[in-house]
Amino acid sequence: MAYVFDPIETPTVTVAGTDRRFPVRRIFCIGRNYAEHAREMGGDPDREPPFFFTKPADAVVESGAEIRFPKITKDLHHEVELVVAIGKKGENILASAAKKHIFGYAVGIDLTRRDLQKFAKEKGRPWDSGKAFDQSAPCSVITPASELADIESAKIWLTVNDEIRQSATIADLVWSIEEVIAALSEAFILMPGDLIYTGTPAGVGPLSPGDHITGHVDGLAPIDVTLTP
Ligand code: MN
């Protein structure tokens, strides 16, 4: 078969400590999964059922990259998130069995054109312009779950130009990692290669051209990106 142009190369993320790569199939993101962040966005911090949105797989950006400052926004925001990498197919997964579907974990930044997201919310329109743009999903190398003792009590934080902007612990998640996988797998057949951005803690805020951003979770390699001046 001949293509009329070269097909996209499968987007990938490096697996920590190896020369092997994790092929990315889809990127799912969960909204409002830390109570303090739900409040700062004007939401109800109680356990509303989790909701999801997506980004294209080729929105992933590896650590060390320079990201072109996104188009048509005057309010680009950082959202640091624990990323769960799925390694095993499943649907209607029980929370008690969810861990078996996890290949590993990474640190991600859900870059958000907040002004466009806000406009979409007000108009009842899709979030794609606010969330699913080019280079909107920086992701660190993936650490295999087998090499991690305890992710649930890990600290998560983000710096902009060496100043801490977001800080919390994974234990603050409204919906746990297992519950997120269970809920997502009711709506979608989860497949190896899927990445799940599990939500951001409070402290989201604006970024400027030239900013240097790092995202951290204890026990994982950090994500480190710079916006073009
Ligand atoms: Mn987010």
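Our structure's up above, just so we're on the same page.
Owing to the predicted nature of the structure, the values given are computational and were not obtained by experimental measurement.

Undergrad: Would you take a moment to explain unusual backbone geometry for this structure?
TA: A negative phi angle characterises most non-glycine residues, just as the trans form characterises most peptide bonds. Despite not being glycine, Asn 161 shows a phi value in the positive range, around 50°. Along the chain, the position of Asn 161 falls in the loop between β13 (155-160) and β14 (163-169). Judged by its relative accessible area of 42%, Asn 161 is partly exposed. The phi angle at Asp 162 is positive, at roughly 70°, despite the residue not being glycine. Mapped onto the elements of the fold, Asp 162 is located in the loop between β13 and β14. A relative accessible area of 69% places Asp 162 in the exposed class.

Undergrad: Hey, could you run me through the coordination of the manganese ion in this one?
TA: As a benchmark, a tetrahedral metal site with four donors has ideal angles of 109.5 degrees, while an octahedral site with six donors has ideal angles of 90 or 180 degrees. Listed as protein donors to the manganese ion are Glu 79 (OE), Glu 81 (OE) and Asp 110 (OD); their distances from the metal cover 2.0 to 2.1 Å. Mapped onto the sequence, the residues coordinating the manganese ion show the spacing E-x1-E-x28-D. Residue Glu 81 is located in strand β8 (residues 80-86), and its partner Asp 110 is located in the loop between β9 (102-109) and β10 (112-113); the two are separated by 29 residues in the primary sequence. The same class applies to Glu 81 and to Asp 110, which are both buried.

Undergrad: Explain helix α2 (residues 114-123) to me, please; I cannot follow it from the model alone.
TA: Along α2, the residues that are buried comprise Arg 114, Gln 117 and Ala 120. Along the axis of α2, the buried residues cluster in a sector spanning 125°; they form a single face. Exposed side chains of α2 directed beyond 90 degrees from the buried face belong to Lys 118, Glu 122 and Lys 123. For α2, the secondary structure elements touched by its buried residues are β7 (76-78), β10 and α3 (128-131).

Undergrad: Would you mind showing me how to read the side chain of Thr 73 here?
TA: Secondary-structure assignment places Thr 73 in the loop between β6 (66-67) and β7. Side-chain polar atoms of Thr 73 contact the backbone nitrogen of Asp 75, separated by 3.0 Å. Here Asp 115 takes part through its side chain, which lies 2.7 Å from a polar atom of the side chain of Thr 73. Not counting residues within four places of it along the chain, the set of residues in contact with Thr 73 comprises Arg 113 and Asp 115.

Undergrad: Would you mind showing me how to read the pattern of salt bridges here?
TA: Between side chains of opposite charge, a pair can form when the charged atoms approach closely. Under the defined criterion, the tally for this structure stands at 11 salt bridges. Between Glu 79 and Arg 114 there is a salt bridge, with the nearest N and O atoms lying 2.8 Å from each other. Separated by 35 residues along the polypeptide, Glu 79 in the loop between β7 and β8 and Arg 114 in helix α2 bring together distant segments of the chain. Using a relative accessible area of 4% as the deciding quantity, one classes Glu 79 as buried. By relative accessible area, which is 6% here, Arg 114 ends up buried. For the salt bridge of Glu 122 with Lys 118, the shortest nitrogen-to-oxygen distance reads 3.3 Å. In this pair, Glu 122 and Lys 118 are both assigned in helix α2, four residues apart and thus about one turn of the helix distant. Residue classification places Glu 122 among the exposed positions, given a relative accessible area of 58%. Members of the salt-bridge network, linked through shared partners, are Lys 55, Glu 79, Asp 110, Arg 114 and Lys 131.

Undergrad: I keep staring at helix α4 (residues 177-187) and nothing clicks. Help me out?
TA: If you check which residues of α4 are buried, you get Ile 177, Glu 178, Val 180, Ile 181, Ala 182, Leu 184 and Ser 185. Elements in contact with the buried residues of α4: β3 (26-30), β4 (52-55), β8, β9 and β15 (194-197).

Undergrad: Please explain the pairing of β8 as it appears in this structure.
TA: Successive residues of a regular strand alternate their side chains across the two faces of the sheet. Across the seven residues that make up β8, a large majority, seven, are buried. Side chains Val 80, Leu 82, Val 84 and Ile 86 project from β8 onto one buried face, and the interleaved Glu 81, Val 83 and Ala 85 project onto a second face that is buried too. Taken together, the seven bridges between β8 and β9 define a ladder with antiparallel strand orientation. Its bridge partner being in β9, Glu 81 is matched across the sheet by Gly 108. Alignment of β8 against β15, held across three bridges, turns out to be antiparallel. Among the inter-strand pairings, Val 84 is bridged to a residue of β15, identified as Ile 196.

Undergrad: Is there a simple way to think about the nonpolar core in this case?
TA: In a soluble, globular protein the nonpolar side chains are often hidden away together inside. Counting 43 residues, the largest nonpolar core has Tyr 105, Ile 177 and Ile 181 as its most contacted members. Going through the elements one at a time, β3, β8, β9, β13, α4, β17 (212-217) and β18 (223-227) are the ones with two or more residues in this core. Non-local contacts of Ile 177, meaning those with residues more than four positions away in its chain, are made with Leu 82, Val 84, Ile 102, Tyr 105, Ile 151, Glu 152 and Ile 170. Listed in part, the 18 residues of the second largest apolar core include Phe 22, Ala 137, Ile 142 and Tyr 197.

How each quantity is defined
Residues numbered from 1 in each chain as written. Predicted model: local features only at pLDDT ≥ 70, side-chain atom pairs only at ≥ 80, totals over all residues. Heavy atoms only, no water. Helix = DSSP H or I, 4+ residues; strand = E, 2+ residues; numbered from the N terminus. Buried < 20%, exposed > 50% of the residue type's maximum accessible area, 1.4 Å probe, protein only. Donors = N, O, S within 2.8 Å, 3.2 Å for Na, K, Ca; no water. Arc of directions from axis to C-beta. Contact = heavy atoms within 4.5 Å. Polar contact = N/O pair within 3.5 Å; in protein donor to acceptor, adjacent residues only side chain to side chain. Salt bridge = Lys/Arg side-chain N within 4 Å of Asp/Glu carboxyl O. Pairing = 2+ DSSP bridges. Core = buried A, V, L, I, M, F, W, Y, C linked by side-chain atoms within 4.5 Å.

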